[in-house]
Amino acid sequence: MNLEHICYGCFQEKPDDSPVCPHCGFNAEEEQPFLALPMGALLNGRYMTGKVLGVGGFGITYLGYDLMLEIKVAVKEYMPSGLATRHSDKYSVALTGRGQEDYQNGMERFLEEARILAKLQNTPNIVSVQNYFKENNTAYFVMEYIDGITLKEYIEQEGVLKWKDALHFTVQILRALQHAHDKGIVHRDIKPQN
């Protein structure tokens, strides 16, 4: 794979230097969120970051590429917007105030989430964690990448769910939660976009 002609929206090789990918339509010139790592950043000597998949109050999730396994992954970065920003190097995280203790405690909770998810490997309907690490004065975890849409997006596309679809999704969610609860794990952020 020629990394000079890679699309950061699908990690396929492009035939030329065009910013728009002929495979997925991703435009590399579109602006990424302010706190996001540059596309093409290398993490842990192994994971290349691509486009941003989502941004929340405590983190940024990127499409990533595992250079060792040659597969797409999702990379979640601990980036609490109220406590941190990027250094001028565009990689390292700097605290915005005196919240060092809050930042460190949050990072430990973030890594604990990765450890908990790693214990749920091969559980149906739960994304598996493949790796986690600290770098750039923050933390990351690497998950399997699932290409598709969230339940929220599905509802927005379909409108009101048919009762059979609602039952189908609810049963899958409840089975995954039961498996987590059986291991003493409580999910505190159940919502259609998750």
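See the structure printed just above.
Because the structure is a prediction, the values reported are computed rather than measured. (Residues numbered from 1 in each chain as written. Predicted model: local features only at pLDDT ≥ 70, side-chain atom pairs only at ≥ 80, totals over all residues. Heavy atoms only, no water.)

**A short note on the overall build of the protein chain**
Assigned secondary structure in the protein chain consists of three helices and eight strands. For the protein chain, the α and β elements follow one another from N to C terminus as β-β-β-β-β-β-α-β-β-α-α. For the protein chain, whose C-alpha radius of gyration is 18 Å, the value lies close to the compact-globule estimate of 16 Å for 194 residues. Taking the principal axes of the C-alpha coordinates as reference, the protein chain spans close to 45 × 45 × 30 Å. (Helix = DSSP H or I, 4+ residues; strand = E, 2+ residues; numbered from the N terminus. Rg over C-alpha atoms; globule rule 2.2 N^0.38 Å.)

**Digging into the nonpolar core**
Membership of the largest hydrophobic core comes to 34 residues, with the highest contact counts inside it found for L43, Y47, V75 and F141. Sorting the residues of this core by element identifies β2 (47–55), β3 (59–66), β4 (71–78), α1 (100–118), β7 (129–135), β8 (138–144) and α3 (163–182) as the ones contributing at least two each. With six residues, the top contributor of residues to this core is α1. With sequence-adjacent residues up to four places away left out, L43 is seen in contact with L37, T49, V75, F133, E135, N136 and Y140. Membership of the second largest hydrophobic core comes to ten residues, among which are C7, Y8, F11 and F26. (Core = buried A, V, L, I, M, F, W, Y, C linked by side-chain atoms within 4.5 Å. Buried < 20%, exposed > 50% of the residue type's maximum accessible area, 1.4 Å probe, protein only. Contact = heavy atoms within 4.5 Å.)

**A short note on the pairing of β4**
Sheet analysis places β3 next to β4, joined by eight bridges and oriented antiparallel. Pairing of Y65 across the sheet is with K72, part of β4. Joining the antiparallel neighbours β3 and β4 is a turn of four residues, in which E70 adopts a positive phi near 60°. (Pairing = 2+ DSSP bridges.)

**Looking at the packing of aromatic side chains**
Given two aromatic rings, one states the distance between the centres and the angle between the planes to describe the pair. Within the structure shown, the criterion is met by eight aromatic pairs. Between the aromatic rings of F11 and Y65, the centroid separation amounts to 5.4 Å while the plane-to-plane angle is 25°, which identifies the pairing as stacked. Within this pair, whereas F11 is found in the segment before β1 (42–43), its partner Y65 is found in strand β3, the two being separated by 54 residues in sequence. Taken individually, F11 and Y65 each receive the classification buried, so the pair is uniform in this respect. Measuring from centroid to centroid gives 5.3 Å for Y154 and F169, while their planes differ by 80°, and the two rings are edge-to-face. Of the two residues, Y154 sits in helix α2 (residues 151–158) while F169 sits in helix α3, which places them 15 residues apart along the sequence. Y154 sits in the partly exposed class, given a relative accessible area of 22%. Residue classification places F169 among the partly exposed residues on the basis of a relative accessible area of 23%. (Phe/Tyr/Trp six-rings, centres within 6.5 Å; stacked < 30°, edge-to-face > 60°.)

**Considering the environment of T49**
Secondary-structure assignment places T49 in strand β2. Since its relative accessible area comes to 0%, T49 is described here as buried. Distance from T49 to L63, taken between C-alpha atoms, is 6.2 Å for residues 14 residues apart in sequence. With near-sequence residues (within four places) excluded, T49 lies in contact with Y8, F11, L37, P38, M39, G40, A41, L43, Y62 and L63.

**Some words on the pairing of β8**
Side-chain direction in a regular strand flips from residue to residue, so the side chains alternate between the two faces of the sheet. Across the seven residues that make up β8, a large majority, six, are buried. Hairpin connection between β7 and β8: a loop of two residues separates the two successive antiparallel strands, and N136 in this loop has a positive phi of roughly 60°.

**Notes on the pattern of salt bridges**
Applying the stated criterion to the full structure yields five salt bridges. E113 serves as the salt-bridge partner of K76, at 3.7 Å between the closest nitrogen and oxygen. With K76 in strand β4 and E113 in helix α1, this residue pair connects regions lying 37 residues apart in the sequence. Residue classification places E113 among the partly exposed positions, given a relative accessible area of 32%. Two residues, E112 and R115, come together in a salt bridge whose shortest N-O distance is 3.1 Å. A residue pair is termed a helical-turn pair when its members lie 3 or 4 positions apart in one helix, as E112 and R115 do in helix α1 at three residues. (Salt bridge = Lys/Arg side-chain N within 4 Å of Asp/Glu carboxyl O.)

These figures capture arrangement, not role.
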